[in-house]
Number of protein chains: 2
Amino acid sequence: MRARRVSIHQMPVNSTLSPNPIRVRMLDCGMPLLVEEMAGVRTAAVSWLLPAGNATDPEGEAGDGWSSLLAELSQRGAGSRDSRAFSDELDRAGVQRAVTPAAVHIVVSGTTIGSRVDQALSLFADLVVRPHLPAESLDAVRSLALQSLESLQDDPQHRVSLRLRERHLPPPFNRSGYGNKIAFERAEISALRKDWMERARPVGSILSIAGAVDADDLARTLDRLLKDWHGTALDVRATGAMIGGVFHEEDASNQTHIALGLDAPSEQQPESLLCRLATNILGGETSSRLFTEVREKRGLCYAVNAGYSGGRDRGMVSLYAGSTPERAQETLDTMLAELVRFEQGIDEGELRRAVVGMKSRLIMQGESTAARAAALGSDWYRLGRCRSLGELAQEVDSVTLGGLNAWIAQSMGSAWRKGMTMCSVGKTEPRTT
Amino acid sequence: MRARRVSIHQMPVNSTLSPNPIRVRMLDCGMPLLVEEMAGVRTAAVSWLLPAGNATDPEGEAGDGWSSLLAELSQRGAGSRDSRAFSDELDRAGVQRAVTPAAVHIVVSGTTIGSRVDQALSLFADLVVRPHLPAESLDAVRSLALQSLESLQDDPQHRVSLRLRERHLPPPFNRSGYGNKIAFERAEISALRKDWMERARPVGSILSIAGAVDADDLARTLDRLLKDWHGTALDVRATGAMIGGVFHEEDASNQTHIALGLDAPSEQQPESLLCRLATNILGGETSSRLFTEVREKRGLCYAVNAGYSGGRDRGMVSLYAGSTPERAQETLDTMLAELVRFEQGIDEGELRRAVVGMKSRLIMQGESTAARAAALGSDWYRLGRCRSLGELAQEVDSVTLGGLNAWIAQSMGSAWRKGMTMCSVGKTEPRTT
């Protein structure tokens, strides 16, 4: 190979990456406020994690999916404003926003210019602490939720990833987020309001803000806005074991979708970074092994990848490919062969490229207020503290080829593969043996 | 409404927005180089428009979709590097990249840190000027293209937008980008190579770069890298009239997808901004009329929106909604009623919110090197010059309620609606009367 060899240490990242201070303030209400004051930007991004996600919903017909109803309803008027006035006022403050029901949290997020962040926070505080959750909106919101659940039937690619989650994660973290039909039909506004008050509480919530802001100013503003907010939300833990195994769902789709799930370290474990690097080399980049073998050499399918997600209590490596029914078996065989081969470890060039890629992405993250706000909140939830970009870059630099290969040999071998969960959706079922 | 009234002029945008210089250099090869030197960032983004998009493909079975084959093949080795080495070297330079076949151009784009942009450009120059387009990759690439075409059958939502494009734009701009099955099957490597050489030429291409870079350094580097590159690509113009009318496609989908297309100014016309603001108010924002009436009040569907796209030679306003078969007719009726009502104009509050939203988005764009690089190239193609963010913000500020309403009354009335194209995909066909 004639390519010029470039040392990863030529990239002068660590010393200058993120000189921005990260400030942590415990607000009077008991919620942590995490602030990264970023130089050279004019925007500010807010990420507010409320412990009211799908995993904290009542179970099954009793309320699975209420988090979706609540996320919608919370935007339909709050404080002194009705639905229309509330939405108009956010627009007037130039806030690009979303209220997203996720697995563990409902995420209230928004970006605007720094000089308007107080205005945005005042509206978000109303949404969280003083939402109307109006009875007259329930039918429309219910209808949207039912329609969304129904439309999953049209999306086999998305469905295979939900099936994998359902079988490879323990309850209640294995829920789809799309909810239960009967729970939607039976939902009453009084129960939903009570539920919001019990879950959207300060202790258990996390508010992070990054951009052209001042932490002390924000803390003062928020203590005022949240002075009537009290209480502690229940933490959510696994209530049982994962299902695992092999699962196929018949579908008339023109594609066969394959998803594989494997155990991985939680974000708290020191091996988390090793697993992230290894998974990138396996299937995260354009020059990854899966991409090269499945897509580039054999042309078996457009979409093939592997990703690592590190949660607070557990992690997961997942692989995905969508192929034609005729090529699904060869696609799966190739993926499994690459998994087996991976146990033998990676080479110096692969590590170097993965490290450069990860450090490039850190620098890109450092230029996005929204990405930094989200990262601060996610760090706090999973680790109980925030990592600076400089710290992350240093950690990446400390990985050695020997260390990574030793971990791969120990952790990504046949015992690991035996714990694999496999799901497929399509006309034909590809087989592992 | 108790909302505090906020003047749009409280947002001190124009004076400070984008003090970054935009520099234009005509390279020796005849391609313009557009550079925005951005303060306070460490990354650099590249957007290279090659006049080799789907509209410039040979017609139908003769070559519709070759641009997809070429975009794939161009990444499989170039200059002194084979496919593997080429991809590895881009990874080593930390370049997040894509080669995307679009309607008019093939877009080669990438982001890395500023100190590595020379390395990225050297590789991109090989890709454009010295690609291998290797014969041994053709079967795999062909197979991917056929599979992608096939998988469209599984995506009725995407298909309805392609059908609208097909009927509301004149040929060859109405092509789907997914190509022709027979053209893929018959494609030979010698013809593809010849085709690349004829289309990927400097005069007709546009290279834009934004971020931590110096325009003069870049121009010197590029003149060296591109010294053997010559020639002029054919410009593409409409070859016939649009089809228009009403079109329904039967599909077993659980959703009925509706897309409406209406004529609009090109980006070159001064009315372009008025149309963009008007369309945002109609269906671009969370508090837009379509969102409020279709989604929020009636709960008819999750996804409903309107968007304006301004091209070089023409523009288009498109509306989309995806509903259940049972609610599709009411959804369409509501959309059409809002279109009729819109002719009567908008109010002060709607304009104010649309203006603040647009200016917020300009500030956000100013913090993204990738967004700025893309905007420079797109401006040059459509207008023959680049607009700074400050210029755009000033233009937005100059819009008055009277001026906008006069334009709406004149341009979005019954004659405009008569020229509407309507497409639907689903079990049932919603009717316009």
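Residues numbered from 1 in each chain as written. Chains lettered and ligands numbered in written order. Predicted model: local features only at pLDDT ≥ 70, side-chain atom pairs only at ≥ 80, totals over all residues. Heavy atoms only, no water.

**Some points on the overall build of chain A**
Part 1: When helices and strands are tallied, chain A shows 16 helices and 13 strands.
Part 2: In terms of overall size, chain A behaves like a compact globule, its C-alpha atoms giving a radius of gyration of 23 Å where 433 residues would be expected to give roughly 22 Å.
Part 3: Taken along its principal axes, the extent of the C-alpha atoms in chain A is 65 × 55 × 35 Å.
Part 4: By residue count, 61% of the 433 residues in chain A fall in the buried class.
Part 5: Considering only contacts in chain A between residues 6 or more positions apart, those separated by 24 or more positions represent 81%.
Part 6: A total accessible area of about 16300 Å² is found for chain A, and carbon and sulfur atoms account for 50% of it. (Helix = DSSP H or I, 4+ residues; strand = E, 2+ residues; numbered from the N terminus. Rg over C-alpha atoms; globule rule 2.2 N^0.38 Å. Buried < 20%, exposed > 50% of the residue type's maximum accessible area, 1.4 Å probe, protein only. Contact = heavy atoms within 4.5 Å. Areas by Shrake-Rupley, 256 points an atom, 1.4 Å probe, with all protein chains shown as cover.)

**Some remarks on unusual backbone geometry**
All names here are of chain A.
Part 1: The amide bond that connects P171 to the next residue, P172, takes the cis arrangement and shows omega of 0 degrees.
Part 2: Backbone geometry at L133 places phi at a positive 40 degrees, although glycine is not the residue there.
Part 3: Summarising the element assignment, L133 is placed in the loop between helix 3 (117-129) and helix 4 (138-151).
Part 4: Using a relative accessible area of 1% as the deciding quantity, one classes L133 as buried.

**As for the relation of the copies chain A and chain B**
Part 1: Once turned by 180 degrees and shifted 0.0 Å along the axis, chain A lies on chain B with an RMSD of 0.0 Å. Such a combination of turn and shift is consistent with a two-fold rotation axis. Taking C-alpha positions as the reference, the residue of chain A nearest the rotation axis is A:G40, at 2.6 Å.
Part 2: Here 100% of the contact residues of chain A are again contact residues in chain B; the copies associate through an equivalent surface. (Least-squares fit on C-alpha atoms with pLDDT ≥ 70 in both.)

**Here we look at the pairing of strand 6 (residues 96-101) of chain A**
Residues and elements named next belong to chain A.
Part 1: With six bridges connecting them, strand 6 and strand 7 (residues 106-113) associate as antiparallel partners. Paired with Q96 across the bridge in strand 7 is T111.
Part 2: Joining the antiparallel neighbours strand 6 and strand 7 is a turn of four residues. (Pairing = 2+ DSSP bridges.)

**Here's the deal with the pattern of salt bridges**
All names here are of chain A.
Part 1: Considering all chains together, one arrives at 78 salt bridges over all chains under this definition.
Part 2: R312 is the partner of D313 in a salt bridge, and the nearest nitrogen-oxygen pair spans 3.1 Å.
Part 3: The network of salt bridges with common partners includes R159, R163, E166, E249 and D251. (Salt bridge = Lys/Arg side-chain N within 4 Å of Asp/Glu carboxyl O.)

**Let's talk about the packing of helix 3 of chain A against helix 8 (residues 215-225) of chain A**
Residue and element names in this part refer to chain A.
Part 1: Contact geometry for helix 3 and helix 8: axes closest at 10 Å, N-to-C directions at 30 degrees. As summarised for this structure, helix 3 and helix 8 are arranged roughly parallel, according to the angle between their axes. Every pair of crossing elements has a handedness; the one defined by helix 3 and helix 8 is right-handed. Along its contact with helix 3, which presents V117, D118, L121, S122 and A125, the element helix 8 presents L218, T221, L222 and L225. (Axes fitted to C-alpha atoms, helices over the stretch in contact; angles between N-to-C directions. Parallel < 35°, antiparallel > 145°, perpendicular 65-115°, else oblique. Left-handed = near helix turned anticlockwise from the far one by under 90°.)

**Concerning the environment of B:T232**
Residue and element names in this part refer to chain B.
Part 1: Tracing the sequence through the fold places T232 in the loop between helix 8 (215-225) and strand 9 (246-250).
Part 2: The exposure class of T232 is partly exposed, given its relative accessible area of 48%.
Part 3: Linking T232 and R431, residues 199 residues apart in sequence, is a C-alpha distance of 48 Å.
Part 4: Discounting chain neighbours no more than four positions away, the residues touching T232 are R201 and V203.

**Focus: the interface of chain A and chain B**
Part 1: Between chain A and chain B, the contact holds 75 residues from the first and 75 residues from the second.
Part 2: Of the roughly 6500 Å² buried between chain A and chain B, counting both surfaces, carbon and sulfur atoms make up 48%.
Part 3: At the surface where chain A touches chain B, the tally comes to four salt bridges.
Part 4: One salt bridge connects A:E72 with B:R295, and the closest N-O pair in it is separated by 2.7 Å. (Buried area = accessible area lost by both parts, 1.4 Å probe.)

**Concerning the domain arrangement of chain A**
All names here are of chain A.
Part 1: Split into domains, chain A comes out as domain 1 (12-225) and domain 2 (246-426).
Part 2: Each of domain 1 and domain 2 was reduced to a C-alpha centroid, and the two centroids are 27 Å apart.
Part 3: Across the contact, 38 residues belong to domain 1 and 44 residues belong to domain 2.
Part 4: Both sides of the domain 1 and domain 2 interface together cover about 3200 Å² of buried area, and 72% of this is carbon and sulfur.
Part 5: Inspection of the region where domain 1 meets domain 2 yields four salt bridges.
Part 6: With a closest N to O distance of 2.6 Å, D251 and R159 form a salt bridge.
Part 7: Taken together, the links from domain 1 to domain 2 amount to nine residue pairs in polar contact (both at pLDDT 80 or more).
Part 8: Secondary structure elements with two or more residues in the side of domain 1 that touches domain 2: strand 1 (22-26), strand 2 (32-37), strand 3 (43-50), helix 5 (156-168) and strand 8 (206-211). (Domains from an automatic or database assignment. Polar contact = N/O pair within 3.5 Å; in protein donor to acceptor, adjacent residues only side chain to side chain.)

**Concerning the sheet that holds strand 1 of chain A**
Residues and elements named next belong to chain A.
Part 1: In spatial order, the strands read 1-2-8-3-7-6; together these six strands make up an open sheet with mixed pairing. Strand pairing shows two members of the sheet lacking a second neighbour, strand 1 and strand 6, which therefore form its edges. Shown here is a sheet whose adjacent strand axes are inclined to one another by a mean of 10 degrees, direction ignored.
Part 2: Pairing geometry for strand 1 and strand 2, over five bridges, is antiparallel. By the bridge assignment, V24 is partnered in strand 2 with L34.
Part 3: Sheet contacts for helix 3: strand 3, strand 6, strand 7 and strand 8; angle to strand 3, the most-contacted strand, approximately 15 degrees.

**Some details on helix 1 (residues 66-73) of chain A**
Part 1: Counting buried positions over the eight residues of helix 1 of chain A gives eight, a clear majority of the element.
Part 2: Buried residues of helix 1 of chain A: A:W66, A:S67, A:S68, A:L69, A:L70, A:A71, A:E72 and A:L73, and no others.
Part 3: As for helix 1 of chain A, its buried residues are in contact with strand 6, strand 7, helix 4, helix 6 (181-186) and helix 7 (189-199) of chain A together with helix 10 (289-297) of chain B.

**Here's the deal with the confidence of the model for chain A**
Part 1: In the predicted model, chain A carries a mean pLDDT of 94, and the fraction of residues at 70 or more is 96%.
Part 2: Every residue in residues 1-15 of chain A is under pLDDT 50, and counting partners more than four places away or in other chains gives 38 contacts. (pLDDT = per-residue confidence, 0-100.)

**Details of the packing of helix 9 (residues 272-283) of chain A against helix 11 (residues 328-342) of chain A**
All names here are of chain A.
Part 1: Running from N to C, helix 9 and helix 11 point in directions that differ by 135 degrees, and their axes come no closer than 11 Å. Comparing the axis directions of helix 9 and helix 11 gives the class oblique. Along this stretch, helix 9 crosses helix 11, giving a crossing that reads as right-handed. Contacts between helix 9 and helix 11 pair A278, I281 and L282 from the former with E338, L339 and F342 from the latter.
Part 2: Classifying every residue of the contact of helix 9 with helix 11 gives five nonpolar, no polar and one charged. (Nonpolar A, V, L, I, M, F, W, Y, C, P; charged D, E, K, R; others polar.)

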